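This is what each chain is made of:
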Amino acid sequence: MQTNWKKTTITFIFGAIDAKPVKIVLQNAVNAPAAKQVEDFGAVLSGLTGLPFRNAVVSSQSAVA
């Protein structure tokens, strides 16, 4: 059996804890991004939006052939 990577989606969540969150979704990201890469890019997006970076969710899809 072989696993073929299809795509990775990263959802960045911004905003104050007591406010409604703002989400920015990146689809077709690289396969298995490192936590430091996601954190650093979240900080960049935070600087551009002016909103505090709360967390990110990384999900990957693969096909087993």
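Scope of this entry: the structure provided in the associated data block. (Residues numbered from 1 in each chain as written. Predicted model: local features only at pLDDT ≥ 70, side-chain atom pairs only at ≥ 80, totals over all residues. Heavy atoms only, no water.)

1. Let's talk about the environment of asparagine 28
When you line up the elements, asparagine 28 lands in the loop between strand S2 (22-26) and helix H1 (35-49). Overall, asparagine 28 belongs to the exposed group, its relative accessible area being 57%. Separated by twelve residues in sequence, asparagine 28 and alanine 16 have C-alpha atoms that sit 27 Å apart. (Helix = DSSP H or I, 4+ residues; strand = E, 2+ residues; numbered from the N terminus. Buried < 20%, exposed > 50% of the residue type's maximum accessible area, 1.4 Å probe, protein only.)

2. Concerning a nonpolar patch on the surface
Judged by side-chain polarity, Leu26, Phe41, Val44 and Leu48 come together as a nonpolar surface patch covering roughly 370 Å² of accessible area. Broken down by element, the residue count for the nonpolar patch peaks at three residues, all from H1. (Patch = residues over 30% accessible without salt bridge, like charges linked within 9 Å, V, L, I, M, F, W, Y side chains within 5 Å. Areas by Shrake-Rupley, 256 points an atom, 1.4 Å probe, with all protein chains shown as cover. Salt bridge = Lys/Arg side-chain N within 4 Å of Asp/Glu carboxyl O.)

3. Details of unusual backbone geometry
In this structure, asparagine 28 takes a positive phi of about 60 degrees despite not being glycine. Despite not being glycine, alanine 32 shows a phi value in the positive range, around 50 degrees. With respect to the helices and strands, the residue alanine 32 is situated in the loop between S2 and H1. Alanine 32 gets classed as exposed once you look at its relative accessible area, which sits at 61%.

4. What to know about the sheet that holds strand S1 (residues 3-14)
Taken in spatial order, the three strands of this open sheet run S2-S1-S3, and their pairing is antiparallel. On the outer flanks of this sheet lie S2 and strand S3 (53-64), each paired with one strand and no other. Averaged over all pairs of adjacent strands, the angle between strand axes in this sheet comes to 20 degrees, irrespective of strand direction. Examined bridge by bridge, S1 and S2 share five bridges and lie antiparallel to one another. Each residue of the ladder has a partner; that of isoleucine 10, found in S2, is leucine 26. Here H1 sits on the sheet in contact with S1, S2 and S3, set at roughly 40 degrees to S1. (Pairing = 2+ DSSP bridges. Axes fitted to C-alpha atoms, helices over the stretch in contact; angles between N-to-C directions. Contact = heavy atoms within 4.5 Å.)

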